[in-house]
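So you can see what is in the structure, the chains are spelled out below.
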Amino acid sequence: MLGLFHPTELTVRPAPQTALLLEGDGGRMTIEDGKEAHLRVVGGRVEYASGDFAFTASVVRGAGRQGGSAAFVLSVPGRIAREYRGAFEVSVRSGTLVPVVFMDLEVAVASAVAAESPPGAPLEALKAQAIVTRSYYLAARRHVNFGFCDTTHCQFLREPPAADSPALVAAASTRGLVLTYRGEIIPALFSASCGGRTRSLREAGMAPQDYPYYSVICEYCLRHAPRWKSVLDLENNVDLLNGSPTEAQRLRIDRGLGWSTIPGNNYELEVAGGALIIQGSGQGHGIGLCQLGAAGMAAQGKSFQEILDYYYLNTSLDGVGEPLVGLRPTR
Ligand SMILES: [Zn+2]
Ligand SMILES: [Zn+2]
C-alpha cells in the first residue's frame, strides 16, 4: 500500500487513550489522544506538523510517551489506514516518504500468521506456521535499508490479531522457537499447497542456501489440492519442455500473463497442435511447509513438531531471545 502509492504525505495518530511522541533533529512534539500529525516531503526532508507546531527533520522517530512501544494508526490520506504496535521512523528516499515500523518479533509473528494462514486452519498447523514465520524473520535478508516489507515479497502482514485469536495463541505458545539446520536458523520457506510433493531448492532451480530442502510426498495434497489447467502458445514457452519446472519460469510467465496462469510448480505438460497444455495441482513454489498439507496433518492429530519434522527434514527446534524486526509497510 504505502510503497505502492509512493506517498509524499502521511498521517499518524495515537490509538485511543494513548499519546505519541514524535521527534527529529527539528524538535519534539507530543500527539495527544484524538489529535493527529501530518507528515510530508518538504525540500528533501520530512515535515512533521500538528496543531500550531511544524518542524522538519531528516528522520522523524515516533514512539510512546516514555520512548517505548506505541499503538498508532498510520495512513496515506484518502487511501488506507492501518494500525501498528511498535516504534517507527520516517525518512525521505527519492522524493517519497519511507516509513519503517520496528515491531516486537512476537507481534510481527502473530500478525503475519494471521495474514498468511488459510481461514479455519487447525491450531497445530498455526503453531508450525508461527515457527516458520519467526525463523524467516530472524534469518532471511530481503532488503538493504530495513528488514522486511509487509507484502508477499517477504511475508504478508496486517494489523496485530486480537488477543484471543488462534494466530496469537499459536505465536504465544511457540514463543521464541525456531527451526535450525546445523546450528543456524533457516529462513524457512512455505507455500499454500505443494500439489502432492514438495521440492528441493535445486529442483526448483533456486539459488542454494545452507539448508537445501528435501522433496517429500504430501498425502493430503495428493487427494485434496485444487487442480488447474492452462493453455499457452508453444512457440513462446518452449523452454518449459526442458527439464523440471523452475520457479523462475513460473514467475516469468505469471508476471506476463497473470498470477493464475501457472499457480504452482507441480504440473504436467502436453503439446497439442501449436499449444502447450499445462495441467497441475497446488499453489505456490512448493518448497518447505505446505499449508494445505500441514492443515491436513493437524486435522489427523499430528503435533506441530511432527509437521515441522515432516516438511523440514533434518532440522531441529531451538529457542531464541526477544529481538526487534524492522518492517516497511508497503500495502
Ligand atoms: Zn520484501
Ligand atoms: Zn502439500
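Residues numbered from 1 in each chain as written. Chains lettered and ligands numbered in written order. Predicted model: local features only at pLDDT ≥ 70, side-chain atom pairs only at ≥ 80, totals over all residues.

**Q** I keep staring at the overall build of the protein chain and nothing clicks. Help me out?
**A** A tally of helices and strands in the protein chain yields seven helices and 20 strands. Projected onto its principal axes, the C-alpha coordinates of the protein chain cover approximately 70 × 45 × 35 Å. For the protein chain, the residues scored as buried account for 42% of the 331 residues in total. In the protein chain, the share of contacts with a sequence separation of at least 24, taken over all contacts with a separation of at least 6, comes to 69%. (Helix = DSSP H or I, 4+ residues; strand = E, 2+ residues; numbered from the N terminus. Buried ≥ 20, exposed ≤ 12 C-beta atoms within 10 Å, placed from the backbone. Contact = placed C-beta atoms within 7 Å.)

**Q** Mind showing me how you'd approach the domain arrangement of the protein chain here?
**A** By a widespread convention, an interface's size corresponds to the accessible area lost as its parts come together. Taken domain by domain, the protein chain comprises domain 1 (9–94), domain 2 (106–215 + 286–328) and domain 3 (227–281). Each partner contributes to the interface: domain 1 provides four residues, whereas domain 2 provides four residues. Each residue belonging to the side of domain 1 that touches domain 2 can be placed in one class, and the counts come to no nonpolar, one polar and three charged. (Domains from an automatic or database assignment. Nonpolar A, V, L, I, M, F, W, Y, C, P; charged D, E, K, R; others polar.)

**Q** Can you walk me through the sheet that holds strand β15 (residues 227–233) in this structure?
**A** The strands making up a sheet associate through hydrogen bonds between their backbones, and the pairing can be parallel or antiparallel. Taken together, the three strands give an open sheet; going across it, the order is β15-β17-β16, and neighbouring strands pair in antiparallel fashion. The open sheet has two free edges, formed respectively by β15 and β16 (267–272), since each of these has just one partner strand. Strand-to-strand twist in this sheet, taken as the mean axis angle between neighbours without regard to direction, amounts to 20°. (Pairing = 2+ DSSP bridges. Axes fitted to C-alpha atoms, helices over the stretch in contact; angles between N-to-C directions.)

**Q** Teacher, can you tell me more about the packing of helix α6 (residues 291–299) against helix α7 (residues 304–311) here?
**A** Close contact between α6 and α7 brings their axes to 10 Å; oriented N to C, the two are set at 140°. What the angle tells us is that α6 and α7 run oblique. Once α6 is placed against α7, the crossing between them reads as right-handed. Contact with α6, carried on its side by Ala294, Met297 and Ala298, involves Glu306, Ile307 and Tyr310 of α7 and no other residues of that element. Per-class residue counts for the contact of α6 with α7 are five nonpolar, no polar and one charged. (Parallel < 35°, antiparallel > 145°, perpendicular 65-115°, else oblique. Left-handed = near helix turned anticlockwise from the far one by under 90°.)

**Q** When you look at the environment of Ser193 in this model, what are you seeing that I'm missing?
**A** Relative to the helices and strands, Ser193 resides in the loop between β14 (190–191) and α4 (219–224). The spacing of Ser193 and Ile287 is 94 residues in sequence and 9.5 Å in space, taken between C-alpha atoms. Not counting the four nearest positions on each side in its chain, Ser193 is found in contact with Cys221, Ala225, Pro226, Gly264, Gly282, Gln283, Gly284, Cys290, Gln291 and Leu292.

**Q** Explain the sheet that holds strand β19 (residues 316–319) here, please?
**A** As summarised here, the arrangement of the three strands in space is β13-β12-β19, forming an open sheet in which the pairing is antiparallel. Across the chains shown, the open sheet's two edge strands, defined by having one partner strand only, are β13 (184–185) and β19. Pairing of strand β12 (residues 177–181) with β19 involves four bridges; the strand directions are antiparallel. Bridge assignment links Thr180 to a residue of β19, and that residue is Ser316. Relative to the sheet, helix α2 (residues 123–139) contacts β12 and β13, its axis offset from that of β12 by approximately 65°.

**Q** Got a minute to help me understand the packing of helix α1 (residues 105–116) against α2 in this structure?
**A** Helix packing for two helices is described by the angle between their axes and how far apart those axes are. Between α1 and α2, the least distance of the axes is 9 Å, while the angle of their chain directions is 125°. It follows that α1 is oblique to α2 by the angle criterion. The two elements α1 and α2 cross, and the hand of that crossing is right-handed. Together, Leu105, Ala108, Val109, Ala112, Val113 and Glu116 of α1 and Leu126, Gln129, Ala130, Thr133, Arg134 and Tyr137 of α2 make up the contact between the two elements. Of the residues that constitute the contact of α1 with α2, the class distribution is eight nonpolar, two polar and two charged.

**Q** Got a minute to help me understand the environment of Ala167 in this structure?
**A** Tracing the chain through its elements places Ala167 in helix α3 (residues 166–173). We classify Ala167 as buried; it has 25 C-beta atoms within 10 Å. With 53 residues separating them in the primary sequence, Ala167 and Tyr220 have C-alpha atoms 22 Å apart. If we ignore the near neighbours within four places in the chain, the residues touching Ala167 are Ala110, Val113, Ala114, Ser117, Leu126 and Pro161.

**Q** How should unusual backbone geometry be read in this particular structure?
**A** Most of the time, phi is negative for any residue but glycine, and the peptide bond is trans. Backbone geometry places Gln17, a non-glycine residue, at a positive phi of 65°. Inspection of the secondary structure puts Gln17 in the loop between β1 (9–14) and β2 (20–24). For Gln17, a count of 8 C-beta atoms within 10 Å puts it in the exposed group.

**Q** Which parts of the structure should I look at to understand the pairing of β2?
**A** Here β2 shows a clear split, with Leu20, Leu22 and Gly24 buried on one side and none of Leu21 and Glu23 buried on the other. Of the pairings in the sheet, the one linking β2 to strand β3 (residues 27–31) comprises five bridges and is antiparallel in character. Its bridge partner being in β3, Leu20 is matched across the sheet by Ile31. Between the end of β2 and the start of β3, which pair antiparallel, lie two residues. Direction of pairing for β2 relative to strand β7 (residues 59–63): antiparallel, over a ladder of three bridges. Looking at the pairing, Glu23 lines up with Arg61 of β7.

**Q** Even after reading the chapter, I still don't get the environment of Ala112, so can you show me in this structure?
**A** As for its placement among the helices and strands, Ala112 is situated in helix α1. Overall, the presence of 28 C-beta atoms within 10 Å leaves Ala112 in the buried class. Through-space distance from the C-alpha of Ala112 to that of Ala171 is 9.9 Å; in sequence the pair is 59 residues apart. Among residues more than four places away in sequence, those in contact with Ala112 are Thr133, Gln155, Phe156 and Leu157.

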